[in-house]
Amino acid sequence: MTSTAARMLETHPADLQRVDSELLLACIEECLRCAQACTACADACLHEDSVADLRECIRTNQDCADICLTTATVLSRHTGRGADLIKVVLSACEAACRSCAAECEKHAGHHEHCKVCAEACRACEAACQQLLAVIG
């Protein structure tokens, strides 16, 4: 089954210029998956008995979710894209995912939702790195 993001990239009339469409699609989809995982993880943390111990995790989840959504949104636009802005957005997303994964990994032994979130963050971090490498 083809994702909506893939269908939108395929049907968009603008030229992607030198951006690899598969890497772009992978990054958009990983950003969206990560945003969902971070949002759900923050909510799950709020329901834990040890919520006070998870404050940093919750904040990091929320920041990462927002940055991932913004990155997916910016990457989904094909008009007026400036390579410099794309690089900054991807770098910010990569950093947010790295930070969130590290924080969630601290709690992964006690909270399965943190383990799942850390995995999503690492996948998104890698997707951002791969797209950054081809954008140069």
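Located above this text is the structure these notes cover.
Residues numbered from 1 in each chain as written. Predicted model: local features only at pLDDT ≥ 70, side-chain atom pairs only at ≥ 80, totals over all residues. Heavy atoms only, no water.

A. Molecular detail of the environment of threonine 71. Here threonine 71 lies in helix H3 (residues 55-75). When its relative accessible area of 0% is taken as the criterion, threonine 71 is described as buried. Not counting residues within four places of it along the chain, the set of residues in contact with threonine 71 comprises Cys31, Val89, Leu90 and Cys93. (Helix = DSSP H or I, 4+ residues; strand = E, 2+ residues; numbered from the N terminus. Buried < 20%, exposed > 50% of the residue type's maximum accessible area, 1.4 Å probe, protein only. Contact = heavy atoms within 4.5 Å.)

B. Up close: the packing of helix H4 (residues 83-107) against helix H5 (residues 112-135). Where H4 contacts H5, the two axes come as close as 8 Å, and the packing angle between them is 155°. Classified by the angle between their axes, H4 and H5 sit roughly antiparallel to one another. You can see that H4 and H5 cross each other, and the crossing is left-handed. For the contact of H4 with H5, the residue count by class is 17 nonpolar, three polar and six charged. (Axes fitted to C-alpha atoms, helices over the stretch in contact; angles between N-to-C directions. Parallel < 35°, antiparallel > 145°, perpendicular 65-115°, else oblique. Left-handed = near helix turned anticlockwise from the far one by under 90°. Nonpolar A, V, L, I, M, F, W, Y, C, P; charged D, E, K, R; others polar.)

C. Geometry of the nonpolar core. By size, the foremost hydrophobic cluster in this structure holds 43 residues, and its most contacted members are Cys64, Cys68, Leu90 and Cys121. Examining the composition of this core, we find that 11 residues originate from one element, helix H2 (residues 21-46), more than from any other. Ignoring sequence-local partners within four residues, the contact set of cysteine 121 consists of Cys34, Cys38, Cys64, Cys97, Cys100 and Ala101. (Core = buried A, V, L, I, M, F, W, Y, C linked by side-chain atoms within 4.5 Å.)

D. Focus on the pattern of salt bridges. Applying the stated rule across the entire model yields six salt bridges. Glutamate 105 is the salt-bridge partner of arginine 122, the closest N and O atoms lying 2.9 Å from each other. Residue arginine 122 is located in helix H5, and its partner glutamate 105 is located in helix H4; the two are separated by 17 residues in the primary sequence. Residue classification places arginine 122 among the partly exposed positions, given a relative accessible area of 31%. What you see here is one network of salt bridges that share partners, running through Glu94, Arg98, Glu105, Arg122 and Glu125. (Salt bridge = Lys/Arg side-chain N within 4 Å of Asp/Glu carboxyl O.)

E. Local environment of the side chain of glutamate 125. Tracing the sequence through the fold places glutamate 125 in helix H5. You can call glutamate 125 buried: its relative accessible area is 9%. Setting aside residues no more than four positions away along its own chain, glutamate 125 makes contact with Glu94, Cys97 and Arg98.

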